[in-house]
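Listed below are the residues making up each chain.
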Amino acid sequence: MSKVGDAVKEALLAFDQDKLVETTKKALDGGHSPQELIDALTAALKEVGEKFEKGEFFLAELVTAGEAAKTVISEYLRPLLKKTGTREAAGSIVIGTVAGDIHDIGKGIVASMFFTAGFEVIDLGVDVPVEKFVETTREKKPDIVAMSALLSTTLPMQREVIEALKRNNLRDQVRVIVGGSPVTDEWAKEIGADGYGEDAVAGVKLVKKLLNISE
Amino acid sequence: MIESLKIGIFEILSRDDVYRVHAATLEVLERVGVRVEEENALKLLDEIGADVDLSRKIVKIPQHLVEEAIRRSLRTILFAGRNKKNDIRLEGKRVNFGLGEGATNFLDCETNTIRPATKADATNASKLADALPNIDFVMPLFTAQDVPKPVLPLHDLDAALRNTEKPVMVVDFGIDATYLIRMAATVVGGEEKLRERPILGMYSEPVSPLTHGKEHTRNLMTFAKAKLPIVYIPSPACCSTAPATLAGALVQSNAETLSGNVIAQFAEKGASFIYGSDTSVMDQKTGVFSYGAPEWMIFNLAMAQLGRYYSLPIWSTGGCSDSKILDGQATLEAGLNLFIAAASGANLIHDVGSYLNFGLTGSLELVTICDEIISMIAYLLRGIEVTDQTLALDVISKVGPGGHFITQRHTLEYLKKEHWMPTLLDRQMRSNWVKSGSKDLVQRAREKTMEILSKHEPAPLPAEVSKDLEDTLKKAEKGVLGQ
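Residues numbered from 1 in each chain as written. Chains lettered and ligands numbered in written order. Predicted model: local features only at pLDDT ≥ 70, side-chain atom pairs only at ≥ 80, totals over all residues. Heavy atoms only, no water.

To continue, consider the interface of chain B and chain A. Counting from both sides, the interface comprises 13 residues of chain B and, opposite them, 13 residues of chain A. Approximately 1200 Å² of surface area, both sides summed, lies buried where chain B meets chain A, with 67% of it carried by carbon and sulfur atoms. Linking chain B with chain A are two salt bridges, by the criterion used here. Put simply, K416(B) and E61(A) hold a salt bridge, and the shortest N to O gap is 3.2 Å. Counting every contact that joins chain B to chain A gives four residue pairs in polar contact (both at pLDDT 80 or more). Elements with a contribution of two residues or more to the side of chain B that touches chain A: α15 (409-418) and α16 (430-435) of chain B. (Contact = heavy atoms within 4.5 Å. Buried area = accessible area lost by both parts, 1.4 Å probe. Salt bridge = Lys/Arg side-chain N within 4 Å of Asp/Glu carboxyl O. Polar contact = N/O pair within 3.5 Å; in protein donor to acceptor, adjacent residues only side chain to side chain. Helix = DSSP H or I, 4+ residues; strand = E, 2+ residues; numbered from the N terminus.)

Right, here's the structure in full:
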């Protein structure tokens, strides 16, 4: 790995966003290109993800690293790039917690893991209306729509979104995945989703499988 | 090891209760007395003013001698490891954990069958105990059945001395303890060095009710003079070798161990005496001496309380079960009696994982499971640290209503310090658990045990020491077998 790559990795593994910002700025001043730094961050994030799966890093560290990298890429590096893309993303994912449900953490962890795994993530937040999923799918043309629901009472909204995508002729242009603690494989099949992941790691594996990306 | 219990110790006797048990014990020793079957001990007790009936070998011990022996006792005992980093101290509320010794059967937990234990099993148990982070002292768990019976204590000790750098304790099984001392002395470079670095402790027992057997009393005095840690505690069973009532059995247990202390402290002022008892019940349906009984647990609490009343280092028992195999009963009983023993504040807790089937069967996998249980118990008993930093007002106000703490620096700083992490207990989501083979606790414990045994190399004895130990063992064998 290059010297700048080492520096970025070290700052990321300190789980310190301020340090990562500082390292990034220094590297830019030293003549490194934004693209080079994005690539270095992506490589370092991948390693964090692998270490989490092996049990060497904890969940809080994984999410913190993901968030720090996301902030640096979107606030410091993306604006410097002429073209609109941020990095060679493995695919793009629209994610949100369904209407009536304000649970953020699980969805946030999954979003962070997607980002860490190299995907472009559009996080719509919580209590996301059905129309918002539809609109965003139409405008951003993501590869994946991911819906979270923690309450069994809000679970039916996942079906609503899928039905709305169908009505708007968008369902066949996107893969839909569902998650959340009351969700099961059977439920995912029943509402016509493309898949379900039991936890964040399973979610990433599922997306990679759906998009034919090798591990 | 728990440095010092932070949360309240279970005190099940009131101050008045403790005093009444103490007073009753003094009365038993003064009026009923104990039988002492060792000539030198009888002579000694006669010299110091006990009322000795030489023909019946009954010794009535006046109260002041019992009190004086307690005053002569050590409040803190160093129990050294072959490597200094493994030294432990027996004092206050420091809690240390170790295996037991004496299981004559080895449990194969794949087939749930047993076979006679061998010296190789004692070697593996010592290796495993050397590697496990929550085991503080080593007893070799098994007792070798593949060596001549009279010399088996020598081989158990040999297995332990060669395979761990932690403090070693062995059961005397009535062998002349001088041989055990010689072997340990060989390892540290002589008996004088052994006094400085007491790497060997001995477990020996009076015979209930109220009898000090010949060999055990001789060994008690031998270890006292050698200034080595001695656990000299009875194993009475309520309804057979002790009264049915818990208080009565306490009085008798106390009298048995304290009269042992009189012999030890007058044989050598400041003998490293460790107080306690393995008191349980005779099961009324089967006649067995139960290792999983709640009665034993409650005796552990009470004896620890009495031990603290005397300021004596305390022995206790946990991590054992009456079950024949490594099943739910085994982990239930082992977990509960380990917790109670630890929460009692005792200084040496033995029988971790050693004993199934009333002390007859040992399981390496249970040792590994107990290591995890101890780690959990140690976490519990450390309590909650309350400081400005841990009250977390800054981060609570920073996150505010509706936010989350996952990416806060405070979270990253404290998660490892404040939280317990399992190494054996499973917390996977079901699908991942299925993917990784749907393994139950026993299967995982087996894999972990096998991995440790295949990878862990205890620091070997230096070549010349190893050779000397071999010679010492051979000489001791000849001595015992009279060749």
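Past the structure itself, the notes keep going.
So, on to helix α4 (residues 119-131) of chain B. All names here are of chain B. Helix length check: α4 (13 residues) gives 19 Å between terminal C-alpha atoms against 18 Å at 1.5 Å per residue, within 8%. Regarding α4, the residues found buried are K119, D121, A122, A125, S126, K127, L128, A129 and D130. Along its buried surface, α4 packs onto β7 (105-108), β8 (113-116), α5 (152-163), α12 (364-382), α17 (441-455) and α18 (463-481). (Expected span 1.5 Å × (residues − 1). Buried < 20%, exposed > 50% of the residue type's maximum accessible area, 1.4 Å probe, protein only.)

Turning next to the sheet that holds strand β10 (residues 200-204) of chain B. The strand order β9-β10-β12-β14 (chain B) describes an open sheet built from four strands, whose pairing is parallel. Only two strands of the sheet have a single partner each, and these edge strands are β9 (168-171) and β14 (273-274) of chain B. (Pairing = 2+ DSSP bridges.)

All names here are of chain B. Counting buried positions along β10 yields five of five residues, so the element is predominantly enclosed. The two faces of β10 match: L200, M202 and S204 on one face and G201 and Y203 on the other face are all buried. Sheet topology places β9 next to β10; four bridges connect them, and they run parallel. Within the sheet, the bridge partner assigned to V170 lies in β10 and is M202.

All quantities given are derived from atomic positions and should not be read as evidence of function.
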